[in-house]
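Here is what each chain is made of, one letter per residue.
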Amino acid sequence: MFGRLITLEGIDGSGKSTTLRHVASRIAEKQPKRKIVLTAEPTSGAVGRILRAELRETSGNEPMSSALRMNELFLFMADHAHHLAETVLPSLKEGAVVLSDRYADSTAAYQGVTLQGIVPHPISWIREIFRPWNVVPDMTLLFLLDPESALKRLKSRPGREKFERLEFLRSVDRNFRRIALAEPERFVLIDAARDEETVAEDATAAVLDLLSR
Ligand code: TYD
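Conventions we followed
Residues numbered from 1 in each chain as written. Predicted model: local features only at pLDDT ≥ 70, side-chain atom pairs only at ≥ 80, totals over all residues. Heavy atoms only, no water. Pairing = 2+ DSSP bridges. Helix = DSSP H or I, 4+ residues; strand = E, 2+ residues; numbered from the N terminus. Axes fitted to C-alpha atoms, helices over the stretch in contact; angles between N-to-C directions. Parallel < 35°, antiparallel > 145°, perpendicular 65-115°, else oblique. Left-handed = near helix turned anticlockwise from the far one by under 90°. Contact = heavy atoms within 4.5 Å. Nonpolar A, V, L, I, M, F, W, Y, C, P; charged D, E, K, R; others polar. Near = heavy atom within 4 Å. Polar contact = N/O pair within 3.5 Å; in protein donor to acceptor, adjacent residues only side chain to side chain. Areas by Shrake-Rupley, 256 points an atom, 1.4 Å probe, with all protein chains shown as cover.

**A short note on the sheet that holds strand β1 (residues 4–10)**
The strands making up a sheet associate through hydrogen bonds between their backbones, and the pairing can be parallel or antiparallel.
Then comes step 1: Within the open sheet, the 5 strands sit side by side as β2-β3-β1-β4-β5. Their pairing is parallel. Looking at the sheet topology across the chains shown, the edges are occupied by β2 (36–40) and β5 (187–191). Across the sheet, the axes of successive neighbouring strands diverge by a mean angle of 20 degrees, strand direction being ignored.
Then comes step 2: As paired strands, β2 and strand β3 (residues 97–101) are joined by 5 bridges and run parallel to one another.

Take a look at the structure:
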């Protein structure tokens, strides 16, 4: 039996991590025999740890050279390859439902902004690099929230990260919407401006629908 891969995407502060926990516990309740694997990118592997340290230590105000932006892209891609090899593929082979908090679409959306002016059409360019080796999710839940509200939510949390700035998040939001438009059969759009409970219900319903097919 081959499992199912479901990814959660959205800008920082859109509520996908909270919803992921709700969805996982509701599915475990309704379908206790299913194996559920919760995972995330950046991962907790060697490259993921480098990325998380870098994200914490950089404020986002310092200008970053083209070479360092490319370095960051390839670190995210290396971490994705590690994620596929160590977690996603083995879990799918066991027939698990894999729920991933961020995945390759985050790289296309975020590095699609940081690589502007460095490579032509960065989103397509990044997606083209992934194409031959990536595992495409069965479903991607995209949490949509206007960047102003997302930043307000983030300000109430300790420890801000480098990508949490308004103009930047606006561009990332536009990229996510563009990516979703290109693959409407894979994406489920979730209005993340509503309360936690309603968002969780919506997301769970979408996942259960996929699992019933
Ligand atoms: P996030 O899931 O928000 O981390 P945390 O759980 O610590 O809040 O991811 C960290 C940041 O990394 C976030 O701003 C999005 C960014 N990111 C990229 O720029 N490219 C990527 O490929 C991924 C996976 C994340």
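Having seen the model, we can carry on.
**Quick notes on the packing of helix α4 (residues 104–114) against helix α5 (residues 122–130)**
Then comes step 1: Close contact between α4 and α5 brings their axes to 8 Å; oriented N to C, the two are set at 150 degrees. The pairing of α4 with α5 is recorded here as roughly antiparallel in orientation. In the packing of α4 onto α5, the handedness of the crossing is right-handed. Contacts from A104, D105, T107, A108, Q111 and G112 in α4 reach P122, I123, I126, R127 and F130 in α5.
Then comes step 2: Grouping the constituent residues of the contact of α4 with α5 by class yields 6 nonpolar, 3 polar and 2 charged.

**Overview of the site of the ligand**
Then comes step 1: Around the ligand, the structure places 14 residues, and the nearest of them are D12, R52, R102, T107 and Q111.
Then comes step 2: The side chain of T107 places a nitrogen or oxygen atom 2.5 Å from an oxygen atom of the ligand.
Then comes step 3: Coverage of the ligand by the protein amounts to 87% of the 550 Å² it exposes when considered alone.
Then comes step 4: Sorting the residues of the shell around the ligand by element identifies α2 (46–57) and α4 as the ones contributing at least two each.
Then comes step 5: In terms of residues, the shell around the ligand owes the most to one element, α4, which gives 4 residues.
Then comes step 6: Class assignment of the residues belonging to the shell around the ligand gives a composition of 5 nonpolar, 3 polar and 6 charged.

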